[in-house]
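A look at the structure
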Amino acid sequence: MRNDEARRCLLCKKPKCSLAGCPVGTPVPECMALYREDRLSEAGRLLFDNNPLSAITSQICDWKRFCYGHCVLNVKQIPVRWYEIEQEISAAYLKTVSLSRKAAPSGKRVAVVGSGPAGIVGAIKLFEAGFDPVVFSSDDRLGGVLRYGIPPFRLAKDLLAEYERLFAEAGIEFRGGEKISSAKELAASFHAVLVATGAEKPVRLGIPGEDSPSVVGALEFLRNPSDFDLGRKVIVIGGGNVAMDCCRTAARLGVETWVYYRKTYENMPANPFEVMEAQRDGVRIEVFKAPVEVRPEGVVFRDCENVTDSETGRIVTRIIEGTDSLVRCDSLIPAISERPDFSILEGLEGTSEWGWPEAGEDGRLGSSNVFLAGDIILGPSTVVEAVAGAKKAVEGICSL
Ligand SMILES: Cc1cc2nc3c(=O)[nH]c(=O)nc-3n(C[C@H](O)[C@H](O)[C@H](O)COP(=O)(O)OP(=O)(O)OC[C@H]3O[C@@H](n4cnc5c(N)ncnc54)[C@H](O)[C@@H]3O)c2cc1C
């Protein structure tokens with residue numbers, strides 16, 4: 001056995017790591033047993049069949065929230081680092097795998113809009129189910145956030161070349177650089193449409209000065225960090241994964257980097273490991289600070305505090321008036337959140353008055369042939385949840 005960690009796994013009959021801890025129900029004990037017997041290729045096949053992106057999710061999942069956090073050993077001992085073993089198995093297997101049909105080809109074409117995690121998995125599962133997927137992407141190359149958002153120091157980008165190879169070998173048509181404006185129009189000429197366009201619109205801070213030239217969009221920055229001159233000091237606002245990727249990227253460019261967040265460290269939605277890594281990269285973090293104005297010389301912050309809401313009894317964060325202070329900086333990257341662009345769904349049944357889609361369990365909009373998966377329906381979420389959603393959507397398309 002290459003990794004001694006595998007010996008510690010109890011091979012639970014009802015594995016919480018898989019059943020409660022993993023949105024795609026990764027078959028951990030089965031794969032662990034195969035790994036112990038050095039049957040790596042069989043383990044790789046099990047993992048790929050269940051989650052074609054397991055080589056990626058094993059690198060970037062927030063494992064404390066998922067498998068590791070649910071390991072039964074958590075009660076008295078240190079949980080098993082399954083994700084390390086999954087990385088080893090999946091990365092090797094991905095290089096060898098080819099896609100194959102699991103159902104006879106039906107000749108039915110399905111449009112997949114978006115080539116992020118949900119689009120990639122949707123296309124693979126549709127191909128296996130006998131459909132001919134055609135993948136449209138506004139980006140030139142496949143990957144979505146995996147290619148254009150998550151920095152290379154967190155995710156090995158050569159993995160994406162393997163998915164390009166799989167598509168090419170299977171003859172899956174990839175139409176990069178084609179932005180789709182109406183899923184309804186597309187639905188008229190395809191058997192079904194899977195919309196997986198993610199959540200790419202930045203949520204605005206809503207404060208004066210936000211449109212000044214010193215303010216840089218988080219996703220634009222991550223796409224091409226070296227295109228931006230951040231000056232000597234940059235402030236990143238936010239506490240999620242996007243904020244952590246922005247600050248770590250800026251720090252690695254040699255810029256003095258600060259993160260300002262309006263709540264506590266514990267409230268930060270980012271993977272705690274990423275927060276630690278950011279600090280290791282030299283990023284300094286200030287909590288309980290809310291931005292109220294962007295000025296040419298910097299940003300004005302107001303202090304915040306946690307109080308107990310007298311009606312609900314819950315802890316809420318509130319701004320303390322009269323505590324403004326100017327923090328000087330050369331540039332600012334707001335990274336508080338992103339939201340989906342629903343304009344692509346216009347005219348389709350199943351979208352509520354205010355535009356948020358009301359889709360079924362399988363992501364289907366009303367009784368149409370349009371299905372949604374990934375961040376467009378979940379809001380900013382995770383790769384593994386996008387995979388789970390895409391699998392459900394393909395099941396729905398199969399039952400049309
Ligand atoms: C910086 C950053 C870091 C993250 N870090 C993590 C992490 O560590 N772990 C984790 O699990 N999750 C992380 N996430 C979240 C995760 O990446 C997303 O949940 C996931 O990528 C969603 O997948 P998706 O397929 O729905 O969308 P996306 O990955 O956003 O892909 C959307 C695709 O749609 C295409 N598109 C959009 N509009 C159109 C259109 N009109 N026509 C044609 N194509 C279109 C785009 O070109 C792209 O290919 C991170 C997100 C960001 C932004």
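As the structure is a computational prediction, the values presented were derived from the model and not from experiment. (Residues numbered from 1 in each chain as written. Predicted model: local features only at pLDDT ≥ 70, side-chain atom pairs only at ≥ 80, totals over all residues.)

Points about the domain arrangement of the protein chain
The line we're drawing: Each domain's limits were defined by an automated method or a database of domain assignments. In this description, any two residues whose backbone-derived C-beta atoms lie within 7 Å of each other are considered to be in contact. Under the scheme applied here, ten amino acids are nonpolar (Ala, Val, Leu, Ile, Met, Phe, Trp, Tyr, Cys and Pro), four are charged (Asp, Glu, Lys and Arg), and all others, including Gly, are polar.
Annotation of the protein chain at the domain level lists domain 1 (4-96), domain 2 (109-200 + 340-398) and domain 3 (203-337). For domain 2 versus domain 3, the separation of C-alpha centres amounts to 31 Å. Between domain 2 and domain 3, the residue contacts involve six residues of the former and seven residues of the latter. Looking at the side of domain 2 that touches domain 3 residue by residue, the class counts come to four nonpolar, one polar and one charged.

Details of the packing of helix α3 (residues 40-50) against helix α6 (residues 82-96)
In a packed pair of helices, the relevant descriptors are the angle between the two axes and the axis-to-axis distance. Stated precisely, the cut-off is as follows: Structural elements are reduced to axes, namely lines fitted to C-alpha atoms, with helices fitted over the stretch in contact, and the angle between N-to-C directions of any two is expressed from 0 to 180 degrees. Secondary structure elements follow DSSP: runs of H or I of four or more residues count as helices, runs of E of two or more count as strands, with numbering from the N terminus. In what follows, roughly perpendicular refers to angles from 65 to 115 degrees, roughly parallel to angles under 35, roughly antiparallel to angles over 145, and oblique to any angle outside these ranges.
Two elements in contact, α3 and α6, have axes whose closest approach is 9 Å; the angle formed by their N-to-C orientations is 90 degrees. Considered as vectors, α3 and α6 are oriented roughly perpendicular to each other. Residues Leu40, Ser41, Ala43, Gly44, Leu47 and Phe48 of α3 touch α6, and the partners they reach there are Glu86, Ile89, Ser90, Ala92 and Tyr93. In the contact of α3 with α6, the residues fall into seven nonpolar, three polar and one charged.

Re the pairing of strand β4 (residues 192-195)
The cut-off we apply is this: Whether a residue is buried, exposed or partly exposed follows from its count of other C-beta atoms within 10 Å of its own C-beta, namely 20 or more, 12 or fewer, or something in between, respectively; the C-beta atoms are built from the backbone. In this scheme, strands are said to pair when DSSP sees at least two bridges between them.
Across the two faces of β4 the burial is the same, with Ala192 and Leu194 and Val193 and Val195 all buried. Note that strand β1 (residues 109-113) and β4 share four bridges and pair parallel. Paired with Val112 across the two strands is Leu194, which belongs to β4. Judged from the three bridges that link them, β4 and strand β15 (residues 370-372) form a sheet pairing that is parallel. Bridge assignment links Leu194 to a residue of β15, and that residue is Phe371.

Some thoughts on the sheet that holds β15
Here five strands make up an open sheet; going across it, the order is β3-β2-β1-β4-β15 and the pairing parallel. Across the chains shown, the open sheet's two edge strands, defined by having one partner strand only, are β3 (173-176) and β15. In this sheet, adjacent strand axes meet at a mean angle of 20 degrees when their direction is disregarded. Its contacts with the sheet put helix α7 (residues 117-128) on β1, β2 (132-137) and β4, and the angle it makes with β2 is roughly 165 degrees.

Describing the sheet that holds strand β13 (residues 331-334)
Strands sit in the order β8-β7-β6-β13 across an open sheet of four strands; the sheet is parallel. Each of the sheet's edge strands pairs with one partner strand only, and the pair in question is β8 (284-287) and β13. Going from strand to strand, the sheet's axes swing by 20 degrees on average, the running direction of each strand aside. Sheet topology note: the strand β7 (residues 256-261)/β8 ladder contains four bridges and is parallel. Across the sheet, residue Tyr261 finds its bridge partner in β8, namely Val287.

Things to note about the environment of Ile180
The topology assignment puts Ile180 in the loop between β3 and α10 (183-189). For the pair Ile180 and Ile344, spaced 164 residues apart in sequence, the C-alpha to C-alpha distance is 7.2 Å. What Ile180 contacts, discounting residues up to four positions off in sequence, is Val113, Phe136, Leu186 and Ile344.

Digging into unusual backbone geometry
Of note, the phi angle at Asp38 is positive, near 65 degrees, even though the residue is not glycine. Its location among the elements puts Asp38 in the loop between α2 (28-36) and α3.

What about the packing of helix α12 (residues 241-252) against helix α13 (residues 272-280)?
Which entries qualify depends on this criterion: Helix crossings get a hand from a simple test, with the near helix turned counterclockwise from the far one by less than a right angle marking a left-handed crossing and a clockwise turn marking a right-handed one.
Where α12 meets α13, the closest approach of the two axes is 10 Å, and the angle between their N-to-C directions is 20 degrees. Comparing the axis directions of α12 and α13 gives the class roughly parallel. Between α12 and α13 the crossing geometry is left-handed. Contact with α12, carried on its side by Asn241, Met244, Cys247 and Arg248, involves Glu274, Val275, Glu277 and Ala278 of α13 and no other residues of that element. The class makeup of the residues in the contact of α12 with α13 is four nonpolar, one polar and three charged.

A few points about the nonpolar core
In plain terms, the rule: We define a nonpolar core as a collection of buried residues of the types Ala, Val, Leu, Ile, Met, Phe, Trp, Tyr and Cys that are connected via C-beta atoms lying within 7 Å of each other.
Ranked by internal contacts, the top residues of the largest apolar core, which has 82 residues, are Cys67, Val193, Leu194, Val195 and Ala373. The greatest single-element share of this core, amounting to nine residues, is contributed by helix α15 (residues 383-398). Residue-level mapping places this core at the junction of two domains, with at least three residues from each of domain 1 (4-96) and domain 2 (109-200 + 340-398). Ignoring any residue separated from it by four or fewer positions in sequence, one finds Ala373 in contact with Ala118, Gly122, Leu194, Ala196, Gly363, Ala386, Gly389, Ala390 and Ala393. Membership of the second largest hydrophobic core comes to 35 residues, among which are Leu205, Ala243, Ala270 and Leu332.

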